[in-house]
Every structure is written in structure tokens, then in C-alpha cells.
Amino acid sequence: AAEKAGALDFLWEAPDGSQVLTHAMGAGYGSGAFLTDDPANSSFLIARLQKLLHQLKKLGSTNTVLILNGGDHLGPRAEILEVLRKLNDRLPDVHLQHGTLGEYIDAVRRTDQKLSVIQGELRASKYHPVLSGVYSTRMYLKQKNALLQTLLERYAEPLAAVAGLYGRDFSPFVWKAWEFVLQNQAHDSICGTG
């Protein structure tokens, strides 16, 4: 539906008339994962960033674009602030700023740009796939996950709490069990694709 409006930022309207500011990721949720090289020595990085900025500005409804620096199974980039500083030095017509999703939404709201209003389900995408078929994929994994959660919540945690009253600390085991469960809940893992 976002492609109908021709913009990445739009107002998504519910049947009751309430609206929420929405962003469709025109370049995916890892569009800035490549921002790790030293921009002072990388003309390839500069060219790639300029191409991405051009693409996002063309699709955007404001002069503010969102580049997400991350992706599947990537940790935070410790050097990102230094990379952005160097890129800002090399690209005088662009201002790159590290921020949160909330800060991006605030910046879009401050533009006073009239945003398109979209109604209905957003289950298709012109820019990247929507994997709605994964809801029923590997159902046995999702069922085992639900069973494990129930066992931890209804049995292991209460029993560990009772044991704690008698001086036995089983909380490290419970935390480790939760860690294993959560590691397997990532969207690629729970669907059996990763």
C-alpha cells in the first residue's frame, strides 16, 4: 500500500479514523550496515552512500531519510560516530546524524509536510519482500517454543522462587534457559530458515 502513496512516510489510518505515522523501509532494515569502512579512504563507500541517499530522497516525502545501521546478527558498530563525522566532512551537502527511531519520527513530524493517508492492510511491498507465509512455517518449532515458555513461566520460575526461600538459588539456571529460548525466537530461527 505504501507504494500507492509513492512515499516512504505516510499516515496509516485505522477504520475508526485514528492515524499513526508510518515508515516503509524503502532500502530494507539493514540499509546502512555497510557504513563500517573508513570514509577518508573509500570512494566506493561514498559512492554507495550517495546512491542510497538518492534512492531514499526520491521515494521520501520529506528531506529527512532513514538509514538503519544494522541488520540480522550484527552487533552495534562502535566506530559509527567517527564514520559519520568523516562522511559529513566529505559530503558537505548532506548532514548525517546518529539517532533513534523516535528522533527520526520527530524530525519527519517537524517538517510540516502533508503526508499521504493510507488505509487497509499493509501486506505487500514494492521495495522488499513481506514474508507472510512464515506464520505457519515450521509449526512444530513454534509449538515447542510455546511449550518451553509455559514450562519456564508456570513451573521452573515458581519452583526456583520457592527454592530461594529455602536458601537454594536456581535463578542462574532459569536465566540460562530463558537465554536459550530467546536465542531461538529470532524470526529466521523460529521459522527454521536460519
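To start, this report covers the structure provided alongside it. Keep in mind that what you see is a predicted model, and the values were worked out from it rather than measured.

1. Points about the pairing of strand β1 (residues 9-13)
- Summarising the sheet, β1 and strand β2 (residues 19-23) pair through five bridges and their orientation is antiparallel. For leucine 11, the partnering residue across the bridge sits in β2 and is leucine 21.
- Linking two consecutive strands that pair antiparallel, namely β1 and β2, is a turn of five residues; a positive phi of about 95° is found at glycine 17 within it.
- In this structure, β1 lies alongside strand β3 (residues 117-119), joined through three bridges in parallel fashion.

2. Thoughts on the packing of helix α5 (residues 139-165) against helix α6 (residues 171-183)
- Viewed as axis vectors pointing N to C, α5 and α6 meet at an angle of 170°, and their least axial separation amounts to 11 Å. Considering the angle they form, α5 stands roughly antiparallel to α6. Classified by chirality, the crossing of α6 by α5 is left-handed. Across the interface between the two elements, Asn145, Leu148, Gln149, Leu152, Glu153, Ala156, Glu157 and Ala160 of α5 pack against Val174, Ala177, Trp178 and Val181 of α6.

3. Some details on the pattern of salt bridges
- Summed over the entire model, instances satisfying the criterion amount to three salt bridges.
- The salt bridge partner of aspartate 89 is arginine 85, with a shortest N-O separation of 3.1 Å. Taken as a pair, aspartate 89 and arginine 85 lie in helix α3 (residues 80-90) at a separation of four residues, close to a single helical turn.
- One salt-bridge network, in which partners are shared between bridges, spans Glu82, Arg85 and Asp89.

4. Brief notes about α3
- Ile80, Val83, Leu84, Leu87 and Asn88 are the residues of α3 that are buried. End-on, the buried residues of α3 take up no more than an arc of 135°, which puts them together on one face. Of the residues in α3, the exposed ones pointing more than 90 degrees away from the buried face are Leu81 and Asp89.

5. Observations concerning the packing of aromatic side chains
- Overall, the coordinates contain one aromatic pair when judged by the stated rule.
- For the pair phenylalanine 170 and phenylalanine 173, a centre-to-centre distance of 6.3 Å together with 45° between the ring planes defines the contact as tilted.

6. Notes on the side chain of aspartate 9
- Looking at where aspartate 9 falls in the secondary structure, it is placed in strand β1.
- Despite its burial, aspartate 9 pairs with no opposite charge; the closest candidate is arginine 109, at 10 Å N-O.
- At 2.8 Å, the side chain of aspartate 9 forms a polar contact with the side chain of histidine 23.
- A polar contact is formed between the side chain of aspartate 9 and the side chain of tyrosine 104, at a distance of 2.8 Å.
- Sequence-distant contacts of aspartate 9, that is, excluding residues within four places in its chain, are made with Thr22, His23, Ser61, Thr62, Thr64, Tyr104, Val108 and Leu115.

7. Overview of the environment of cysteine 191
- Secondary-structure assignment places cysteine 191 in the segment after α7 (187-190).
- By relative accessible area, cysteine 191 is classed as buried at 5%.
- Separated by 16 residues in sequence, cysteine 191 and tryptophan 175 have C-alpha atoms that sit 24 Å apart.
- Setting aside chain neighbours within four positions, we find cysteine 191 in contact with Val134, Thr137, Arg138 and Lys142.

8. Description of the sheet that holds β3
- Spatial ordering of the open sheet is given by β2-β1-β3, a layout of three strands whose pairing is mixed. Lying at the two open borders of the sheet, with one neighbouring strand each, are β2 and β3. Along the sheet, successive strands turn relative to each other by an average axial angle of 40°, direction set aside.
- Contacts between helix α4 (residues 101-110) and the sheet are confined to β1 and β2, with β2 contributing the most and set at about 110° to the helix.

9. Quick look at the nonpolar core
- The biggest cluster of nonpolar side chains holds 20 residues, and the ones touching the most others in it are Phe34, Leu35, Leu49, Leu87 and Leu96.
- Elements with a minimum of two residues in this core: α2 (43-59) and α3.
- The greatest single-element share of this core, amounting to seven residues, is contributed by α2.
- Discounting chain neighbours no more than four positions away, the residues touching leucine 35 are Leu45, Leu49, Ile67, Asn69, Ile80, Val83 and Leu87.
- Counting residues in hydrophobic clusters, the runner-up holds seven residues, among them Leu21, Ile105, Val108 and Leu115.

Criteria and thresholds
- Residues numbered from 1 in each chain as written.
- Predicted model: local features only at pLDDT ≥ 70, side-chain atom pairs only at ≥ 80, totals over all residues.
- Heavy atoms only, no water.
- Pairing = 2+ DSSP bridges.
- Helix = DSSP H or I, 4+ residues; strand = E, 2+ residues; numbered from the N terminus.
- Axes fitted to C-alpha atoms, helices over the stretch in contact; angles between N-to-C directions.
- Parallel < 35°, antiparallel > 145°, perpendicular 65-115°, else oblique.
- Left-handed = near helix turned anticlockwise from the far one by under 90°.
- Contact = heavy atoms within 4.5 Å.
- Salt bridge = Lys/Arg side-chain N within 4 Å of Asp/Glu carboxyl O.
- Buried < 20%, exposed > 50% of the residue type's maximum accessible area, 1.4 Å probe, protein only.
- Arc of directions from axis to C-beta.
- Phe/Tyr/Trp six-rings, centres within 6.5 Å; stacked < 30°, edge-to-face > 60°.
- Lys, Arg positive; Asp, Glu negative; His and termini not counted.
- Polar contact = N/O pair within 3.5 Å; in protein donor to acceptor, adjacent residues only side chain to side chain.
- Core = buried A, V, L, I, M, F, W, Y, C linked by side-chain atoms within 4.5 Å.

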